[in-house]
Amino acid sequence: MDSKEMLIQLATRPLSAAQNLPPLSAAQLNAHPAGHPNSIAWLLWHSAREIDVQLAELNGRRQVWEDFSERFGLGEIGMGLGYGHSPEQARSIVVEDQQLLLDYLEATLAALGGYVRTLGEAQLDEIVDRAWEPPVTRGVRLLSILDDAIQHVGQAAYAAGTLA
């Protein structure tokens, strides 16, 4: 299996995990277990947003969010991706529709998978960010994007499990 195929396979994991969450009410999606500012809705929204924002930086295309922002109705706070949110900002991400969160996550992961399919192996080795030591290649950035999504969807699954 080559590295492109591994990235494409890895890109299926966050959605699969998110689709296996139990059906959650709006109150459950937006609850803050143990008073934590990140709700399940925030975790799923952030997973999709961080994919979307970072992918747009890599591929130079518009964000998938443009097709979803009105449906989410989050205003200015929805334009970010959640890194560095204060507790108040995180709590302001309120989404009452679990399917909408899944649809957005699915669309961003489909865009990521489609992008990976267009890349050659040499493009995965290209440096895309020299702000780190060592500099970050396109392949490592894609891994990082997917790793973040997997972790946050896992946190959402854990939080959903505490509701049972």
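Up top is the structure.
The shown structure was predicted, so the numbers you read here are calculated from the model rather than taken from an experiment.

## Side note on unusual backbone geometry
1) Next: Each neighbour pair has its own omega, and for Glu-133 with Pro-134 the value is 0 degrees, a cis peptide bond.
2) Next: The residue Pro-134 is located in the loop between strand 1 (127–129) and strand 2 (136–137) in this model.
3) Next: A positive phi angle, near 55 degrees, is found at Ala-34, a position not held by glycine.
4) Next: Mapped onto the elements of the fold, Ala-34 is located in the loop between helix 3 (26–29) and helix 4 (40–59).
5) Next: By relative accessible area, which is 90% here, Ala-34 ends up exposed.

## Describing the packing of aromatic side chains
1) Next: Considering all chains together, one arrives at five aromatic pairs under this definition.
2) Next: An angle of 45 degrees between the planes, with centres 5.1 Å apart, marks the rings of Phe-68 and Tyr-104 as tilted. Of the two residues, Phe-68 sits in the loop between helix 4 and helix 5 (69–72) while Tyr-104 sits in helix 7 (residues 98–118), which places them 36 residues apart along the sequence.
3) Next: The exposure class assigned to Phe-68 is buried, which follows from its relative accessible area of 8%.

## What about the pattern of salt bridges?
1) Next: Counted according to the given criterion, the structure contains six salt bridges.
2) Next: Between Arg-49 and Asp-52 there is a salt bridge; the shortest N-O distance is 3.4 Å. Of this pair, Arg-49 and Asp-52 both sit in helix 4, separated by three residues, roughly a single helical turn.
3) Next: Under the relative-accessibility criterion, Arg-49 is labelled buried at 0%.
4) Next: On the basis of relative accessible area, Asp-52 is assigned to the buried category, the value being 3%.
5) Next: Overlapping salt bridges, with partners in common, bring together Arg-62, Glu-66 and Asp-67 in one network.

## With respect to the environment of Leu-143
1) Next: Turning to its location among the elements, Leu-143 is positioned in helix 9 (residues 138–162).
2) Next: Between the C-alpha atoms of Leu-143 and Leu-7, which are 136 residues apart in sequence, the distance is 7.2 Å.
3) Next: Setting aside chain neighbours within four positions, we find Leu-143 in contact with Leu-7 and Leu-10.

## Considering the nonpolar core
In summary, soluble globular proteins display a tendency toward joint burial of nonpolar side chains.
1) Next: By size, the foremost hydrophobic cluster in this structure holds 45 residues, and its most contacted members are Phe-72, Leu-112 and Leu-142.
2) Next: Counting only elements with at least two residues in this core, the list comes to helix 1 (3–10), helix 2 (13–19), helix 4, helix 7 and helix 9.
3) Next: Ranked by the residues each element gives to this core, the list is headed by helix 4, at 10 residues.

## Notes on the side chain of Gln-54
1) Next: Within the element layout of this structure, Gln-54 appears in helix 4.
2) Next: Residue contacts for Gln-54: discarding those within four places in its chain leaves Tyr-83, Arg-141 and Ile-145.

## Focus on helix 1
1) Next: Taken together, the buried positions of helix 1 are Lys-4, Leu-7 and Ile-8. Looking straight down helix 1, one finds that the buried residues subtend no more than 100 degrees of arc, so they occupy a single side.
2) Next: By the N-cap criterion, in which a side-chain oxygen at the helix start approaches the backbone nitrogen of a residue two or three places on, helix 1 is capped by Asp-2, the distance to Lys-4 being 3.2 Å.

## Considerations on the environment of Leu-119
1) Next: Along the chain, Leu-119 turns up in the loop between helix 7 and helix 8 (121–124).
2) Next: Taking the C-alpha atoms as reference, Leu-119 lies 7.8 Å from Lys-4; in sequence the two are 115 residues apart.
3) Next: Contacts of Leu-119, omitting those with residues within four sequence positions, involve Lys-4, Leu-124, Arg-138 and Leu-142.

Basis of the calculations
Residues numbered from 1 in each chain as written. Predicted model: local features only at pLDDT ≥ 70, side-chain atom pairs only at ≥ 80, totals over all residues. Heavy atoms only, no water. Helix = DSSP H or I, 4+ residues; strand = E, 2+ residues; numbered from the N terminus. Buried < 20%, exposed > 50% of the residue type's maximum accessible area, 1.4 Å probe, protein only. Phe/Tyr/Trp six-rings, centres within 6.5 Å; stacked < 30°, edge-to-face > 60°. Salt bridge = Lys/Arg side-chain N within 4 Å of Asp/Glu carboxyl O. Contact = heavy atoms within 4.5 Å. Core = buried A, V, L, I, M, F, W, Y, C linked by side-chain atoms within 4.5 Å. Arc of directions from axis to C-beta. Polar contact = N/O pair within 3.5 Å; in protein donor to acceptor, adjacent residues only side chain to side chain.

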